[in-house]
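What follows is the residue order along each chain.
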Amino acid sequence: MTDTADDTTSSMFPAGRTALIVRIPEAEPVVRGWRDRIDPAARAGAGVPAHVSVLYPFLQEDLIDAPVLAGIAAALSPHHAFDLRFERTDRFPGMLYLAPEPDAPLRRLTRAITERWPDVRPYGGRYPDPVPHLTVAQRAAEADLDAAEADLGGRLPLTARARTVDLVAYDGTAWHERASFALGEPGE
């Protein structure tokens, strides 16, 4: 990782920050090149995989202990694995993302965690109804977003199965998995 990428990534995420995410490995071949080029969170070894956030930020890492892990497992235990389809891109200001459909199961996961920890709000409470999304690019020039969007339009749709919610933590250099919580399969 270059010094510039280190500085950018470090300024985006303080050490000890955590998140709960649904990894979307099926998206990696489609979005990895763009994410490496125009998403500072994905660049040069920061370790952020293609994902949809369930809750970012979550608790500070030093607050995560066995009871917290058990609480996450309990909050997620009623939820089953589900399929997602990514057919289109969309944007927030300065950001390009893939829109998951349906997004209701992702919203239910977020609600389950925020009901358990009501003081922990998605994106620090900045958005009253956060939109589930898979970030392709952020803090990027419009021309870069346009190029990525044009390319991705020809590479979609893609499908994925959400089987786990992963707890990841930032150590000051990269994101690492701390725990993984399996979602049940229907009929279990």
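This text follows the structure it describes.
Residues numbered from 1 in each chain as written. Predicted model: local features only at pLDDT ≥ 70, side-chain atom pairs only at ≥ 80, totals over all residues. Heavy atoms only, no water.

Overview of the layout of surface pockets
Here the largest pocket defines a volume of roughly 830 Å³. If you trace the largest pocket, you find 36 residues lining it, with Tyr56, Met95, Tyr123, His133 and Gln138 closest to the centre. Contributions of two or more residues to the lining of the largest pocket are made by strand S1 (18-23), strand S2 (51-55), strand S5 (134-138) and strand S8 (175-182). Taken as a whole, the second largest pocket encloses approximately 300 Å³ of empty space. When residues of the lining of the second largest pocket are traced back to their parent elements, those giving at least two are S2 and helix H4 (104-116). Looking at which element gives the most residues to the lining of the second largest pocket, the answer is H4, with five residues. Each residue belonging to the lining of the second largest pocket can be placed in one class, and the counts come to 12 nonpolar, five polar and four charged. (1 Å grid on protein atoms, 1.4 Å probe; cavity = no way out; pocket = protein on both sides within 12 Å on 5 of 7 lines; lining within 4 Å. Points joined across faces, edges and corners; volume = space filled by probe spheres on them. Helix = DSSP H or I, 4+ residues; strand = E, 2+ residues; numbered from the N terminus. Nonpolar A, V, L, I, M, F, W, Y, C, P; charged D, E, K, R; others polar.)

Comments concerning unusual backbone geometry
In this model, Tyr56 is joined to Pro57 through a cis peptide bond whose omega is -15 degrees. Positionally, Pro57 belongs in the loop between S2 and helix H3 (66-76). Of the consecutive residues Leu156 and Pro157, the connecting peptide bond is found in the cis state with omega at 10 degrees. Looking at where Pro157 falls in the secondary structure, it is placed in the loop between helix H5 (142-153) and strand S6 (158-162).

Structural notes on H3
Those residues of H3 that fall on the buried side of the exposure criterion are Val68, Gly71, Ile72, Ala75 and Leu76. All buried residues of H3 lie within an arc of 125 degrees about the axis, which places them on one face of the element. Facing away from the buried side of H3, by more than 90 degrees, are the exposed residues Ala66 and Pro67. On its buried side, H3 packs onto S1, H4, strand S7 (164-170) and S8. (Buried < 20%, exposed > 50% of the residue type's maximum accessible area, 1.4 Å probe, protein only. Arc of directions from axis to C-beta. Contact = heavy atoms within 4.5 Å.)

Brief notes about the pattern of salt bridges
If you walk through the whole model with that rule in mind, you get 17 salt bridges. Across the pair Arg35 and Asp39 runs a salt bridge, and its minimum N-O distance is 3.6 Å. In this structure Asp39 comes out as buried when scored by relative accessible area, which is 1%. Salt-bridge contacts for Arg161 lead to Asp83; the nearest nitrogen and oxygen are separated by 3.1 Å. (Salt bridge = Lys/Arg side-chain N within 4 Å of Asp/Glu carboxyl O.)

Describing the pairing of S1
S1 sits mainly inside the fold: five of its six residues count as buried. Bridge count for S1 against S7 is four bridges, and the pairing is antiparallel. If you follow Ile21 over to S7, its bridge partner there is Asp166. In terms of strand pairing, S1 meets S2 through four bridges, oriented antiparallel. Opposite Ile21, over in S2, you have Ser53 as the bridge partner. (Pairing = 2+ DSSP bridges.)

Description of the sheet that holds S8
Strand pairing within a sheet occurs via backbone hydrogen bonds; the two strands may be parallel or antiparallel. Taken together, the four strands give an open sheet; going across it, the order is S2-S1-S7-S8, and neighbouring strands pair in antiparallel fashion. Each of the sheet's edge strands pairs with one partner strand only, and the pair in question is S2 and S8. With strand direction ignored, the average angle separating the axes of adjacent strands in the sheet is 35 degrees. Across the sheet, H3 lies against S1, S7 and S8, angled at about 50 degrees from S8, the strand it touches most. (Axes fitted to C-alpha atoms, helices over the stretch in contact; angles between N-to-C directions.)

Details of the sheet that holds strand S4 (residues 95-101)
Taken together, the four strands give an open sheet; going across it, the order is S5-S4-S3-S6, and neighbouring strands pair in antiparallel fashion. Either end of the sheet is taken by a strand with one partner, and the two such strands are S5 and S6. Strand-to-strand twist of the sheet, defined as the mean angle between neighbouring strand axes without regard to direction, takes the value 30 degrees. Pairing of strand S3 (residues 82-92) with S4 involves seven bridges; the strand directions are antiparallel. Paired with Asp90 across the strands is Tyr97, a residue of S4.

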